[in-house]
Amino acid sequence: MVSHPVPPKDPYRAISEFVCDRLPLEAMRHLAEKKKVPLHRHSMWYYLGGIAGMLLAVQVVTGMLLMVYYVPEINSAHASILKLNTQINFGWFVRSLHSWGANLMILALFVHLFSTYFMRAYRKPRELTWWTGLLLMVICLGFGFTGYLLPWDDVSFFATKIGLDVASKMPFVGSFLAYMLRGGDTVSQATISRFFMIHVAALPVLLLGLMGGHLMLVQVHGMSEPESFKAQPEARKSYEKFFPNFFMKDVLVWILALNALFALTMLMPWSLGPEADPFAPAPIGIKPEWYFLAPFQFLKLMPPMVGPIEGELVGILLMALVGIGFVVVPFYDRGLSKSSARIATAFGVVVLLALIAFTIWGALS
Ligand code: HEM
């Protein structure tokens, strides 16, 4: 009998067989291929969530690199950032990428939030996608607030102090929350320790869990279709496959967004102010980051008292009502009547215009 030599197994095939036997990759590919993206004149808004996700990945990588040198101690925090900026190879670059990346990501998230709102993507069956999205927005604003203090320069110190004073005015929980975040009555070492832990441990864990849920829901329900698209006869509607067609375009848009991030980083490296002096008076015209300017300016305009109630408290309650409006909109506008849809749109337009107007006003005043 002639024995034939066994042909050597293709190593690529062997690896892919090994992985496919152990992970549900086929099912995952099927899920990715099943999703189709509707093609219409608002399709460009479908890129925003992906841009936010890509920028988040930049934040994770640059954040880990920054942690190598950053020291969360009141006497060393500012010096460690100064060292990064001036003595560590590419330290200024990584820090600028992280700071500009945070701002671009929050901008992308605001656009993502309002575009999904106006496309009514919060309606059944996407209520959970919408609510996980709202929580993600709160978490990302939390990243911005806690990260801002860490360099311990004068602007970050006083902006945080003012932010926490405002938070303490919230009814019932405000003073307790502000006390817990400060770790006492003043912004001090305890505050840096807490903010650092929240920024690098608590929020990332919450974010990763919620983002996993958010993206899974997007995949399960597919992309929402605007009313005008849905109303068309089936034969006139066109779609493209999410994978690989839309995904390749996603990658192209990410490269463009990365270019914008690199341009900002190179042309306007992130600056560092003088070290905070808790006993000095607050510098004149101190302001929070641009994404907190609208509430800041709105509260500044409130009179000291509105009837028997403190003006700032009235302002906080009005802003809380806006937040509640966004949470309950999937119950209110369920696509059953034209009037509720119109009111939901009007609410979104008013909030968006107010946000833009108060932000510009806050920046100029
Ligand atoms: C870290 C934050 C976030 C990431 C990484 C993210 C990512 C994504 C991605 C990749 C998509 C699919 C593509 C798209 O429609 O853009 C998506 C869809 C969606 N997102 Fe987000 N998102 C985030 C935050 C938010 C926020 C703040 C909201 C609003 C409250 C939100 C609400 C939605 C909704 C409703 C959809 C479904 C859109 C549709 O089906 O047309 N997301 N998100």
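Look above for the structure.
Caption draft 1: A look at the overall build of the protein chain. The secondary structure content of the protein chain amounts to 14 helices and 4 strands. Seen through its C-alpha atoms, the protein chain measures out along the principal axes to roughly 95 × 60 × 40 Å. Scored against the burial criterion, the 365 residues of the protein chain give a buried share of 39%. Here the protein chain displays about 21200 Å² of accessible surface, and carbon together with sulfur accounts for 72% of that area.

Caption draft 2: Up close: the site of the ligand. The environment of the ligand is formed by 24 residues, the closest being Gly49, His112, Gly133, His214 and Ser224. Between the ligand and Tyr46 there is a distance of 3.0 Å, counted from an oxygen atom to a backbone nitrogen or oxygen. His214 is positioned with one of its side-chain polar atoms (N or O) 2.9 Å from a nitrogen atom of the ligand. Elements that contribute at least two residues to the shell around the ligand include exactly helix 3 (48–69), helix 5 (91–118), helix 6 (127–149) and helix 9 (189–221). The leading source of residues in the shell around the ligand is helix 6, at 6 residues. For the shell around the ligand, the residue count by class is 13 nonpolar, 10 polar and 1 charged.

Caption draft 3: Spatial organisation of the packing of helix 4 (residues 77–86) against helix 5. It is at 5 Å that the axes of helix 4 and helix 5 come closest, and there the two elements cross at 115°. With respect to helix 5, the element helix 4 is oriented roughly perpendicular. Every residue of helix 5 that contacts helix 4 at Ile81, Leu84 and Asn85 is listed here: Gly91, Trp92 and Arg95. For the contact of helix 4 with helix 5, the per-class residue count stands at 3 nonpolar, 2 polar and 1 charged.

Caption draft 4: Region of the structure containing the coordination of the iron atom of the ligand. Looking at the iron atom of the ligand, the protein donor atoms are His112 (NE2) and His214 (NE2), and they sit 2.1 to 2.2 Å from it. One can describe the donor arrangement at the iron atom of the ligand as octahedral, given that its 6 donor atoms subtend angles of 84 to 180° at the metal. In this pair, His112 sits in helix 5 while His214 sits in helix 9, placing the two residues 102 residues apart along the sequence.

Caption draft 5: Representation of the packing of aromatic side chains in the model. Taken as a whole, this structure holds 30 aromatic pairs when the rule is applied. An aromatic cluster is present here, built from Phe114, Tyr117, Phe118, Tyr122, Trp130, Phe326 and Phe347 joined pairwise through their rings. Between the NZ or CZ atom of Arg22 and the centre of the ring of Phe18, over which it lies, the distance is 3.8 Å. In this structure, Lys36 is placed above the aromatic ring of Tyr239, and the distance from its NZ or CZ to the ring centre is 3.9 Å.

Caption draft 6: Quick look at helix 5. The end-to-end C-alpha distance of helix 5, which contains 28 residues, comes to 41 Å, matching closely the 40 Å that a straight helix rising 1.5 Å per residue would cover. The buried fraction of helix 5 is high, at 22 of 28 residues. Looking one or two residues past helix 5, Arg120 carries a phi angle of roughly 55°, positive in sign.

Caption draft 7: Spotlight on the nonpolar core. Membership of the largest hydrophobic core comes to 46 residues, with the highest contact counts inside it found for Trp130 and Phe326. Broken down by secondary-structure element, the contributors of at least two residues to this core are helix 3, helix 5, helix 6, helix 9, helix 11 (242–267), helix 13 (311–332) and helix 14 (338–364). Broken down by element, the residue count for this core peaks at 12 residues, all from helix 5. Domain assignment of the residues forming this core places at least three in each of domain 1 (38–155 + 188–286) and domain 2 (290–365). Discounting residues that sit within four places of it in the chain, Phe326 has contacts with Leu113, Phe114, Tyr117, Trp130, Leu134, Phe347 and Val351. Judged by nonpolar contacts, the second largest core, of 20 residues, contains Tyr70, Ile88, Leu150 and Leu272.

What counts, and where the lines are drawn
Residues numbered from 1 in each chain as written. Predicted model: local features only at pLDDT ≥ 70, side-chain atom pairs only at ≥ 80, totals over all residues. Heavy atoms only, no water. Helix = DSSP H or I, 4+ residues; strand = E, 2+ residues; numbered from the N terminus. Buried < 20%, exposed > 50% of the residue type's maximum accessible area, 1.4 Å probe, protein only. Areas by Shrake-Rupley, 256 points an atom, 1.4 Å probe, with all protein chains shown as cover. Near = heavy atom within 4 Å. Polar contact = N/O pair within 3.5 Å; in protein donor to acceptor, adjacent residues only side chain to side chain. Nonpolar A, V, L, I, M, F, W, Y, C, P; charged D, E, K, R; others polar. Axes fitted to C-alpha atoms, helices over the stretch in contact; angles between N-to-C directions. Parallel < 35°, antiparallel > 145°, perpendicular 65-115°, else oblique. Contact = heavy atoms within 4.5 Å. Donors = N, O, S within 2.8 Å, 3.2 Å for Na, K, Ca; no water. Tetrahedral: all angles 85-135°; square planar, octahedral: opposite > 155°, others 65-115°. Phe/Tyr/Trp six-rings, centres within 6.5 Å; stacked < 30°, edge-to-face > 60°. Lys NZ or Arg CZ within 6 Å of the ring centre and 35° of its normal. Expected span 1.5 Å × (residues − 1). Core = buried A, V, L, I, M, F, W, Y, C linked by side-chain atoms within 4.5 Å. Domains from an automatic or database assignment.

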